[in-house]
Amino acid sequence: MTLFDKIWEKHIVREIPEGPAVLYIDRHFIHEVTSPQAFSGLEKRGLPVFRPSQTIATADHNVPTLNQHLPIKEEMSRLQVAQLVENCQKYGIDLYGLGHRFQGIVHVIGPELGITQPGQTIVCGDSHTSTHGAFGAIAFGIGTSEVEMVLATQCLLQSKPKQMRIHVDGELGRGVSAKDIILHIIAQISAAGATGYFVEYTGSAIRSLSMEARMTICNMSIEMGARGGLIAPDETTFEYIKGKPFAPQGADWDKKLADWKLLFSDPYTDFDHELYINAADIEPMITYGTNPGMGIPVVGKIPNGQHLPENERASFQKALEYMGLQAGTNIQGQQIDYVFIGSCTNARIEDLREVAAFVRGKHKSPNVEVWIVPGSKQVEAQAIAEGLDKVFESAGFQLRQPGCSACLGMNEDKIPAGKYCVSTSNRNFEGRQGMGARTLLASPLTAAAAAVTGVVTDVREMFLSVDEGYEKS
Amino acid sequence: MSKKIKSFSTTAVPLDAENVDTDQIIPARFLKATSREGFGKNLFRDWRFQDGDEAKPKPGFVLNEPAFQGKVLVAGKNFGCGSSREHAAWALKDYGFDAVVSSFFADIFKNNALNNFLLPVQVSDGFLQKTMSAVQENPATKIAIDLENQTITVAGASEHFDINAYKKTCLLNGYDDLDYLLSIREDIEKFEKG
Ligand code: SF4
């Protein structure tokens, strides 16, 4: 059996002949944007929330990242957040809303609170729920109708997906991080390459990653179309969870730990598809187009689309036009205007530490605006406790308050039309960061390098001038 | 929202683009509503209008071409990728579409569409290309979709499409998943007790 099979089977309430399975959901996260219509659906049917203690709420998508203590200026956002507060009170759901010390991006707070645990089924009305798979859980995004189903019954109807294994072996080069691994994979198999699959990531390169780096990888599984991604739990996982606010304790911990140790794919299990990647082949990556599959090494040239089937070339051309980039030219040296370090992909404390270690003693380029948006209140507090805020300040980087921010530009944090933004988020779709905004996805380190030089830069060339700080991180 | 889908025949709107993500179908800034209605007017908002201004329709975008009308949207492969926002399905349905034809749908979008009685019809690459050109060349081309027999017919050519048997029953009868889940609440409680 695969790891996925083991968790799936444990959660089947019943199977419909020739139909989907009724899958029991252990943990349900909700936020302000995709939940209001689910609650009004319940109300219409006169239903209670079936298991309120298994749903956890936060406000993240809409919230401002400056002056969070003040009422939200934008009316519709304010109403949506107020609606969430009201719904949570009415139905008895724990809310880590604005002002709470646990507030943050939903996929950052679940893990850091120890709510996300191995072997669970986890859903949220948000496609990047795949993040939680890093703990060896089946975690996937759902639509609002499904949010309503989980609220009402703690179950979903799901067809079993196909399974893919992506094996990454070997050692990563210096300056290459988890973000580069996943951008490399997506560039290889395309933005639709894993549609219909659940992906398990294995191999020595994956094993050697921290939990936060594993989350970065699982987070972007959805960007190649996968339903979700997961990684078998190991000592790194257990070590991370231990002592977190909602982690099991005492005898309960021992019992859970014994169960978690059984969560792995049995040797010689067949997958529907397998992919092998040599970690040494991966270079710092960046995207040049309008879907996450349009990525190249920072040192590479922008392709001309001839590698695609003929009927897809027009869309490819349209993407380059939107981006204002030329096929056949280097992406390195491309002038940029903004750097956004944030999102559920790369706004955890390790990301901030890595950026701070790199920019210590440096300053941003005068033509670039840099926003650092921590993934949660806890990340923010930790960054300040470690003095990272001072490092950012003297580098000219602005440290803001937690939320999704410019990842999707639902609050005021938008990139103006035509401007280039190197972003550590996960989507470079047209208009994602603001109408007409041009997004280049990259790792925190590559983003930090661009912030300093003002152009797309191969971070590896800058290491010679890096101080001790990086070595330690 | 009209529930139940049977057979229908209609003209179609050809959207010749691959990887149409849900951020294009409905941009994030329109997700602030707390009801399900009214998203149709913002469907493909930034492809439809210059500077987001309703007074400035972009010429050349297919929804702005009066020649193309109908209840079916024909689109390139990997339709509905990206964000899980169900608002995308609501916007398409609210605008007046009952089906989307593509060679490939993103998973979450497909579920969302089915939950809203918007039929995702997945056809072969070849059939999609033929359909796309037939509609582009002659906007009066009819697309006939027969859910019961799972066939789609365009300009005399037919193809079978797949749909989960359970889902098909739901669509034909106007049931949704929640009706079913509520009916087995006792099983769920039993499962919880282990
Ligand atoms: S940070 Fe971006 S991708 Fe993550 S949950 Fe928020 S909007 Fe979605």
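Above this note sits the structure.
What counts, and at which threshold
Residues numbered from 1 in each chain as written. Chains lettered and ligands numbered in written order. Predicted model: local features only at pLDDT ≥ 70, side-chain atom pairs only at ≥ 80, totals over all residues. Heavy atoms only, no water. Axes fitted to C-alpha atoms, helices over the stretch in contact; angles between N-to-C directions. Helix = DSSP H or I, 4+ residues; strand = E, 2+ residues; numbered from the N terminus. Parallel < 35°, antiparallel > 145°, perpendicular 65-115°, else oblique. Left-handed = near helix turned anticlockwise from the far one by under 90°. Contact = heavy atoms within 4.5 Å. Nonpolar A, V, L, I, M, F, W, Y, C, P; charged D, E, K, R; others polar. Core = buried A, V, L, I, M, F, W, Y, C linked by side-chain atoms within 4.5 Å. Buried < 20%, exposed > 50% of the residue type's maximum accessible area, 1.4 Å probe, protein only. Domains from an automatic or database assignment. Pairing = 2+ DSSP bridges.

A. Region of interest: the packing of helix α2 (residues 36-45) of chain A against helix α3 (residues 75-91) of chain A. All names here are of chain A. Between α2 and α3, the shortest axis-to-axis distance is 10 Å and the interhelical angle comes to 40 degrees. Regarding the angle of α2 to α3, the classification is oblique. Where α2 crosses over α3, the handedness of that crossing is left-handed. Residue-level contacts link Pro 36, Phe 39, Leu 42 and Glu 43 of α2 to Gln 80, Gln 83, Asn 87, Lys 90 and Tyr 91 of α3. For the contact of α2 with α3, the residue count by class is four nonpolar, three polar and two charged.

B. Just the nonpolar core, in detail. Membership of the largest hydrophobic core comes to 112 residues, with the highest contact counts inside it found for Phe 44, Phe 79 and Leu 92 of chain B. It is helix α15 (residues 444-453) of chain A that provides the largest number of residues to this core, a total of seven residues. There are two domains that each give this core at least three residues, and those are domain 1 (3-160 + 226-261) and domain 2 (291-472) of chain A. Sequence-distant contacts of Phe 79 of chain B, that is, excluding residues within four places in its chain, are made with Leu 15, Val 20, Ile 25, Phe 44, Leu 73, Leu 92, Val 100, Ser 102, Phe 104, Phe 105, Ala 106 and Phe 109 of chain B. Of all hydrophobic cores here, the second largest spans 93 residues; its members include Val 123, Phe 135, Met 211 and Trp 260 of chain A.

C. Structural view of the pairing of strand β6 (residues 121-124) of chain A. Residues and elements named next belong to chain A. Side chains Thr 121 and Val 123 project from β6 onto one buried face, and the interleaved Ile 122 and Cys 124 project onto a second face that is buried too. The sheet contact formed by strand β3 (residues 27-30) and β6 spans three bridges and is parallel. Looking at β6, one finds that Phe 29 is bridged to Cys 124. For β6 and strand β7 (residues 138-141), the ladder comprises four bridges, and the chain directions are parallel. Bridging across to β7, Val 123 finds its partner in Phe 140.

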